[in-house]
Amino acid sequence: MKNMRVSADTVGFVHYPVLPECKPDEGWAPIEDYLTIIRQENPHVKIMFEHRSEQVTDEKLESCYRWVKQLLEKPHDCASSNNSI
């Protein structure tokens, strides 16, 4: 799992850790939507992190892992998905 930021003319922060503050409306990938869809399709999915951890502090890195764990453990309702993708 990794993130990047895309704007009209640039791609930046390649292999950036996924963080809850990296919002899709600011050019970041919709990680929460992706994980919701993936988990609905495979509740036993294993996530591999491929980010460059030196790009953030240890606290931010821990936030990344906690957020992904929380998203994967969150109960979901397959009948009423409101994903934006």
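Conventions adopted
- Residues numbered from 1 in each chain as written.
- Predicted model: local features only at pLDDT ≥ 70, side-chain atom pairs only at ≥ 80, totals over all residues.
- Heavy atoms only, no water.
- Axes fitted to C-alpha atoms, helices over the stretch in contact; angles between N-to-C directions.
- Helix = DSSP H or I, 4+ residues; strand = E, 2+ residues; numbered from the N terminus.
- Parallel < 35°, antiparallel > 145°, perpendicular 65-115°, else oblique.
- Left-handed = near helix turned anticlockwise from the far one by under 90°.
- Contact = heavy atoms within 4.5 Å.
- Nonpolar A, V, L, I, M, F, W, Y, C, P; charged D, E, K, R; others polar.
- pLDDT = per-residue confidence, 0-100.
- Phe/Tyr/Trp six-rings, centres within 6.5 Å; stacked < 30°, edge-to-face > 60°.
- Buried < 20%, exposed > 50% of the residue type's maximum accessible area, 1.4 Å probe, protein only.
- Disulfide = S-S within 2.5 Å.
- Core = buried A, V, L, I, M, F, W, Y, C linked by side-chain atoms within 4.5 Å.

A. View of the packing of helix H1 (residues 31-41) against helix H2 (residues 58-73). Remark: H1 packs on H2, axes separated minimally by 9 Å, with the N-to-C direction vectors making an angle of 40°. Classified by the interaxial angle, the pair formed by H1 and H2 is oblique. Where H1 crosses over H2, the handedness of that crossing is right-handed. For the pair H1 and H2, contact is made by Ile31, Glu32, Leu35 and Arg39 and by Trp67, Val68, Leu71, Leu72 and Glu73, respectively. Residue classes in the contact of H1 with H2 are distributed as six nonpolar, no polar and three charged.

B. Fine view of the side chain of Ser63. The residue Ser63 is located in helix H2 in this model. The residues contacting Ser63, other than those within four sequence positions of it, are Leu19 and Pro20.

C. Looking closely at the confidence of the model for the chain. A residue-level look at the chain finds 73% of positions with pLDDT of 70 or above and a mean pLDDT of 82. When the elements of the chain are averaged for pLDDT, strand S1 (residues 3-6) gives the smallest value, 62, and H2 the largest, 94. Scored below 50 in pLDDT, residues 79-85 makes 10 contacts in the model with residues more than four places away or belonging to other chains.

D. Representation of the packing of aromatic side chains in the model. For the structure on display, the rule yields two aromatic pairs. Aromatic side chains Phe49 and Tyr65 sit 4.8 Å apart centroid to centroid with 80° between the ring planes, which places their arrangement in the edge-to-face category. Here Phe49, found in the loop between H1 and H2, pairs with Tyr65, found in helix H2; they are 16 residues apart in sequence, far enough to count as distant. Given the relative accessible area of 31%, Tyr65 is considered partly exposed.

E. Quick look at the state of the cysteines. Tallied over the full model, the rule gives zero disulfides. Note on Cys22: no disulfide assigned, nearest cysteine sulfur contributed by Cys64 at a separation of 9.3 Å. In this structure Cys64 comes out as buried when scored by relative accessible area, which is 0%.

F. Broad picture of the environment of Val18. Within the secondary structure, Val18 is located in the loop between strand S2 (11-16) and H1. According to the relative accessible area criterion, Val18 is buried, its value standing at 0%.

G. Local environment of the nonpolar core. Grouped together as the largest cluster of nonpolar side chains are 15 residues, with contacts concentrated most on Tyr16, Val18, Leu19, Ile31 and Leu35. For this core, the elements supplying multiple residues, two or more each, are H1 and H2. For this core, the element with the most residues is H2, which contributes six residues.

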